[in-house]
Amino acid sequence: MSDEIDDKSKDKPQEAADWPSVDDVKPTEEGGPSARTGFNYQDEVAVSILLDMLEDPAILKTHCETHDDILVVRQSSDTGLRSAEYVQVKAIAADKLCSVADLCQRKNGKSGTSILEKSLERDAHKEISRFRIVTLRPVVSDLTVLTLSIGSVGREPGCKKLAALKTNLDGRFTGLLSPKGNDCGYWLENCYWDVRHDEVSIRNDNELRVAKISTQQKRTLLPEPAVVLLDELRAWVKDAGAAKWDPDRDKKIISRDKLLAWWNSKLSEFIDAAGPSGGKLVRKMEAASLPKDVIDHALDLRRRYAEQLRTPRYSEPDECEELLDRVNAETQSLRSRYVAGQIDLDSKAFHSLCLDKVNAINNERPEGTVDRSAFLIGCLYDIADRC
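Predicted, not measured: the structure shown is a model, and the values here were computed from it.

This next bit is on the nonpolar core. Core analysis: the largest hydrophobic core is formed by 34 residues, its most contacted members being Leu233, Leu259 and Trp263. Listed by contribution, the elements that provide at least two residues to this core are α2 (40-55), β2 (59-64), β3 (70-75), β4 (82-90), α7 (199-216), α8 (223-242) and α10 (256-270). Here this core takes nine residues from α2, the largest share from any one element. Those residues in contact with Leu233 that sit more than four places away from it in its chain are Val47, Leu50, Leu51, Leu259 and Trp262.

Structure, rendered in C-alpha cells:
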C-alpha cells in the first residue's frame, strides 16, 4: 500500500509573494551544528562549492547547514530571478548502489523522514527551488537520469525516464506535495544527483582547481600556499556549519563578495606582499653574480613548474610526489653541507652543482620516459625562492 503524507502537505499553498527568503528565515531544525564530528566529507563538498562561487558570478551566496546541509543561492543574469539549491550530503558508503528504495526509505517508518520527503519539504521559500543529492556511491540504472545536468540531452522535462521515475515515486507517496504545492515531478525535474566517490578525490580536485583559478588570474599559487588556503576554507565552512542561526546568521551565510575579498587578500599575502614572484630567487642569483639571461631562465622555469605541478596531464601522482621528494631531499642535503662548510665552492659553482644533482635525478628515471628536467629544475628554483 502507498504511504500517506501528512495533512499539511495537502493544504492549499500560499501565494508566491507570501514566501520568505531562505536568507531571512530561521531553519526549522539545526541538527548539523550540534553534530559536526566526522563531517570532513561534507566540508570538502562545501569547499568545492565555494570554488564554484569564485568562478561563477551567478552564485551569490552559500549557506552552511541552514535549511539543508549546504544551500546555494543563484541569480539568473537573464531573468534576474533567484534560485535556492538545497544540497543533501550523504557520506555513508553502503556496499551497494544508491536505489529508489534508498531515496524513499523512512526512518522507523515515520512520515517525512525519507531523503525525498525531506528534500521536497525544503521548497518553502520565495526563491525557485533546486535540489542536489551528493553521495559516495553511484546510483542504480533507474536513477542515472538524475546524474545528467538538468535540461541536458537525455534529461529533457517529461522524458520517458523521468516520467517512469515520477510514476514510481507517486506510487510510493500518494499525493506528496511541497509546502509550495509542487509534486515529485517538480523535484525530479529540478534535482541533480552528484556522485563524489570519496573525500580524498574531492580534496585532490579542490587542490587542482585552486591552482587553475589562480593561474587563470595570472597569479599562480604554488603548492604550499595553495594547501594553506584550502585549509583556511575548510576551517571557514566548518565554523559556519557549527554556528547557530541566532545570533550568528551572518557567519552561516558566505557571500560571493565576502569570498572574493578573502581570496584577493590571500593572493596578495602569498604573492604580492613578497614583491614580484621569484624576488628572493632573483636576489640570490644576483648576489652570486649569475648572468641576467640565466636569472630570467630560472624565473621562467619556476613559473612553468608552478603551472604544471597540479595539472593532471603532467604525470602520475605517485611519480610526481616521488620526484619532488627527491629534489627536496637532495637540495636540503646540499644546502646543509654548504652551510656547514663541507662543500668548498663559490656561489656560481654551488649553483652548478645543484643543477647537476637535479639532472642526475631526471637521468636515473627509466629509459624511454618523458624528460622532466625542466620541471625538476623549476622545483629547485622554487625551493631557493622560499628558503
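Here we take up the packing of α8 against α10. Look at α8 against α10: their axes get within 11 Å of each other, and the N-to-C directions meet at 150 degrees. Between α8 and α10, the interaxial angle falls into the category roughly antiparallel. Handedness of the α8/α10 crossing: right-handed. Contacts between α8 and α10 involve Pro225, Val228, Leu229, Glu232, Leu233 and Trp236 from the first element and Lys258, Leu259, Trp262, Trp263, Lys266 and Phe270 from the second. For the contact of α8 with α10, a count of residues per class yields nine nonpolar, no polar and three charged.

Let's shift gears to the packing of aromatic side chains. What the rule picks out here adds up to six aromatic pairs. Where Phe131 meets Tyr186, the ring centres are 6.3 Å apart and the plane angle is 85 degrees; that geometry is what we call edge-to-face. Taken together, the residues span a long stretch of sequence, with Phe131 in strand β5 (residues 128-135) and Tyr186 in helix α6 (residues 184-189) at a distance of 55 residues. For the pair Tyr305 and Phe375, a centre-to-centre distance of 5.2 Å together with 50 degrees between the ring planes defines the contact as tilted. Of this pair, Tyr305 sits in helix α12 (residues 292-309) while Phe375 sits in helix α15 (residues 373-386), and the two are 70 residues apart along the sequence. Its relative accessible area of 4% is what places Tyr305 among the buried residues. Feature note: the residues Tyr86, Phe131, Tyr186 and Trp187 constitute an aromatic cluster, connected by ring pairs.

So, on to the sheet that holds β4. The six strands are arranged β7-β5-β4-β3-β2-β8 in an open sheet whose pairing can be described as mixed. Edge positions in the open sheet fall to β7 (191-195) and β8 (253-255), since each of these has one partner strand only. Between one strand and the next, the sheet's axes are offset by a mean angle of 20 degrees, whatever the strand orientation. As judged from the five bridges shared by β5 and β7, these two strands associate in the parallel manner. By the bridge assignment for β7, Val134 is matched with Asp194. In this fold α2 packs onto β2, β3, β4, β5 and β8, with an angle of close to 165 degrees to the strand it touches most, β2. Against the sheet, α10 touches β2 and β8, its axis set at about 65 degrees to β8.

Over its 17 residues, helix α14 (residues 347-363) extends 24 Å from the first C-alpha to the last, a length consistent with the 24 Å expected when each residue adds 1.5 Å. For α14, the complete set of buried residues consists of Phe350, His351, Cys354, Leu355, Val358, Ile361 and Asn362. Viewed end-on, α14 has its buried residues packed into an arc of 140 degrees, placing them on one side of the element.

The next thing to look at is α7. Spanning 18 residues, α7 covers 26 Å between terminal C-alpha atoms, matching the ideal 26 Å at 1.5 Å per step. Inspection of α7 places Ile202, Asn206, Glu207, Arg209, Val210, Ala211, Ile213 and Ser214 among the buried residues, and these make up the whole buried set. Looking at the buried residues of α7, the elements they touch are α2, α8 and α10. Of the residues flanking the start of α7, the one acting as N-cap is Asp198, its side-chain oxygen 3.1 Å from the backbone nitrogen of Val200. Phi for Lys218, located one or two positions after α7, is positive at around 60 degrees.

This part covers the packing of α2 against α8. Running from N to C, α2 and α8 cross one another at 110 degrees; their axes reach a closest spacing of 9 Å. Our classification of the angle between α2 and α8 gives roughly perpendicular. Regarding α2 and α8, the two cross each other, and that crossing is right-handed. On the side of α2, the interface is formed by Asn40, Asp43, Glu44, Ala46, Val47, Leu50 and Leu51, while α8 contributes Leu230, Leu233, Arg234, Val237 and Lys238. When grouped by side-chain class, the residues that make up the contact of α2 with α8 number seven nonpolar, one polar and four charged.

Moving on to the confidence of the model for the protein. Detailed reading of the predicted coordinates is not advisable wherever pLDDT is low. Across the protein, pLDDT averages 86, with 88% of residues at or above 70. In this model residues 1-13 is a low-confidence stretch, pLDDT under 50, and it forms 23 contacts with partners more than four residues away in sequence or in other chains. With pLDDT under 50 throughout, residues 34-38 is counted as low confidence; its partners more than four residues away or in other chains account for eight contacts.

What follows concerns the side chain of His67. Take His67: it is sitting in the loop between β2 and β3. Reaching out from His67, the side chain makes a polar contact with the backbone oxygen of Val25 at a distance of 3.2 Å. Those residues in contact with His67 that lie beyond four places of it in its chain are Val22, Val25, Lys26, Pro27, Tyr86, Arg122 and His125.

The rules behind the values
- Residues numbered from 1 in each chain as written.
- Predicted model: local features only at pLDDT ≥ 70, side-chain atom pairs only at ≥ 80, totals over all residues.
- Heavy atoms only, no water.
- Core = buried A, V, L, I, M, F, W, Y, C linked by side-chain atoms within 4.5 Å.
- Buried < 20%, exposed > 50% of the residue type's maximum accessible area, 1.4 Å probe, protein only.
- Helix = DSSP H or I, 4+ residues; strand = E, 2+ residues; numbered from the N terminus.
- Contact = heavy atoms within 4.5 Å.
- Axes fitted to C-alpha atoms, helices over the stretch in contact; angles between N-to-C directions.
- Parallel < 35°, antiparallel > 145°, perpendicular 65-115°, else oblique.
- Left-handed = near helix turned anticlockwise from the far one by under 90°.
- Nonpolar A, V, L, I, M, F, W, Y, C, P; charged D, E, K, R; others polar.
- Phe/Tyr/Trp six-rings, centres within 6.5 Å; stacked < 30°, edge-to-face > 60°.
- Pairing = 2+ DSSP bridges.
- Expected span 1.5 Å × (residues − 1).
- Arc of directions from axis to C-beta.
- Polar contact = N/O pair within 3.5 Å; in protein donor to acceptor, adjacent residues only side chain to side chain.
- pLDDT = per-residue confidence, 0-100.

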